[in-house]
Amino acid sequence: MRQFIVAGNWKMNTNYAEGLKLAEDIASGSMIDNVLVVLGLPATHLMGISQLIGKSASIKIAAQNCHYEKNGAYTGEISVDMVKSVGAEYVILGHSERREYFKENDELIAKKVKSVIEGGLNAIYCCGEKLPVREAGNHIKLVAKQIKQGLFHLDASDFKKVVIAYEPVWAIGTGVTASPVQAQEMHYEIRQMIAKKYGTEVAQQTSILYGGSVKPDNAKELFMQSDVDGGLVGGASLEANGFLKIVHSFS
Ligand code: PGA
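What comes next concerns the included structure.

**Here we look at the side chain of R191**
Summarising the element assignment, R191 is placed in helix α9 (residues 180-198). Not counting residues within four places of it along the chain, the set of residues in contact with R191 comprises R2, A203, Q204, T206, I208, D227 and D229.

If you want it as structure tokens, here you go:
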């Protein structure tokens, strides 16, 4: 059975005190068996919140980015080892905001994915099309290209450390969610791509999350789809009760 995951992507929100309080409120909520909660935190919050959470089996910490080099003269960047040394186990990579505002492309993200996995962490790899691409009917082709270029350099054992987040750009922060049918269609296609490259068993084990305006009132319908294994949640992850409701959409 594959792992269900509800990951919060806090983006550039909350100061440290606010972040600690939010994490405390989330951690004090009840969790569900077989649903892993991942908190995608600003770099400044990683250590403190990791200490607060401790060695929890149901809550893990993620960074939102890192550099692919091990160390060196890269002012402002953080390395995989830095992220790991403060207790994070995941790194979100290739988010559409990184692609759009920081000009990250599949080639760069592929290097980051490799470093993260070689460094002993797990990658949450984001992919997804912009609206004109969907309107032109090229969304599956575009996502296939992102998956191939960003991930398919990995061998099968490394690929097992990848979680995929399908996030149609037109649904992020807009309040417009992909319909459960649209999400399922893409997730099914992604799983097929993985099966073709790594075999059915690996494909069946890969967690594929949906992201883009996931809210407490639409999460259940999305998560019920057979190839949707959870969500990457932005705005709605900043309020503990709502986020916990999303987690509980699996129950
Ligand atoms: P949203 O963001 O839930 O606010 O749409 C999702 C994301 O960017 O990961």
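From this point, the discussion proceeds with the structure in view.
**Some details on the site of the ligand**
Around the ligand, a shell composed of 13 residues is seen, among which K11, H95, E167, G173 and S213 lie nearest. Within the side chain of E167, an N or O atom sits 2.6 Å from an oxygen atom of the ligand. S213 places a polar main-chain atom, nitrogen or oxygen, 2.8 Å from an oxygen atom of the ligand. A total of 290 Å² of accessible area belongs to the ligand in isolation, and the protein chains cover 96% of it.

**Points about the sheet that holds strand β8 (residues 230-233)**
What the eight strands build is a closed barrel, ordered β1-β2-β3-β4-β5-β6-β7-β8; its pairing is parallel. When the angles between neighbouring strand axes are averaged without regard to direction, this sheet yields 25°. The strands that helix α2 (residues 46-53) touches are β2 (35-41) and β3 (59-63); relative to β3, the one it contacts most, it runs at about 175°. Each of β1 (4-9), β2 and β8 is contacted by helix α12 (residues 240-247), which is oriented at about 160° to β1, the strand it contacts most.

**Focus: the pairing of β8**
Going residue by residue along β8, you find G230 and L232 tucked away on one face and G231 and V233 tucked away on the opposite face as well. Examined bridge by bridge, β1 and β8 share four bridges and lie parallel to one another. Each bridged residue has a counterpart across the sheet, and for V6 the counterpart in β8 is G231. Sheet analysis places strand β7 (residues 208-211) next to β8, joined by two bridges and oriented parallel. Counted as the bridge partner of Y210 is G231 from β8.

**A look at the pairing of β1**
The buried fraction of β1 amounts to six of the six residues, a majority that puts the element mostly inside the structure. The alternating pattern of β1 places F4, V6 and G8 and I5, A7 and N9 on opposite faces, both of which are buried. Sheet analysis places β1 next to β2, joined by six bridges and oriented parallel. Across the sheet, residue V6 finds its bridge partner in β2, namely V37.

**Examining the nonpolar core**
With 65 residues, the main nonpolar core has L39, L151, F159, I164 and I190 as its most contacted residues. A per-element tally of this core places α9 first, with six residues. Membership of the second largest hydrophobic core comes to 13 residues, among which are I5, A7, V163 and A165.

**A short note on the state of the cysteines**
Disulfide: a covalent bond formed between the sulfur atoms of two cysteine residues. Applying the stated criterion across every chain, the model contains zero disulfides. The cysteine C126 is free of any disulfide, with C127 supplying the nearest cysteine sulfur at 7.5 Å. C126 gets classed as buried once you look at its relative accessible area, which sits at 1%.

**Regarding the layout of surface pockets**
In this model, the largest pocket occupies a volume close to 910 Å³. Lining the largest pocket are 36 residues, and of these H95, E97, R98, Y101 and F102 sit closest to its centre. Every element with two or more residues in the lining of the largest pocket is listed here: α4 (96-101) and α7 (139-151). Examining the composition of the lining of the largest pocket, we find that six residues originate from one element, α4, more than from any other. When grouped by side-chain class, the residues that make up the lining of the largest pocket number 14 nonpolar, 11 polar and 11 charged. Q3, K160, V163, Q205 and S207 are, among the 15 residues lining the second largest pocket, the residues nearest its centre. Among the elements of the structure, β6 (162-166) and α10 (200-205) are those that each provide at least two residues to the lining of the second largest pocket.

About the criteria used
- Residues numbered from 1 in each chain as written.
- Predicted model: local features only at pLDDT ≥ 70, side-chain atom pairs only at ≥ 80, totals over all residues.
- Heavy atoms only, no water.
- Helix = DSSP H or I, 4+ residues; strand = E, 2+ residues; numbered from the N terminus.
- Contact = heavy atoms within 4.5 Å.
- Near = heavy atom within 4 Å.
- Polar contact = N/O pair within 3.5 Å; in protein donor to acceptor, adjacent residues only side chain to side chain.
- Areas by Shrake-Rupley, 256 points an atom, 1.4 Å probe, with all protein chains shown as cover.
- Pairing = 2+ DSSP bridges.
- Axes fitted to C-alpha atoms, helices over the stretch in contact; angles between N-to-C directions.
- Buried < 20%, exposed > 50% of the residue type's maximum accessible area, 1.4 Å probe, protein only.
- Core = buried A, V, L, I, M, F, W, Y, C linked by side-chain atoms within 4.5 Å.
- Disulfide = S-S within 2.5 Å.
- 1 Å grid on protein atoms, 1.4 Å probe; cavity = no way out; pocket = protein on both sides within 12 Å on 5 of 7 lines; lining within 4 Å.
- Points joined across faces, edges and corners; volume = space filled by probe spheres on them.
- Nonpolar A, V, L, I, M, F, W, Y, C, P; charged D, E, K, R; others polar.

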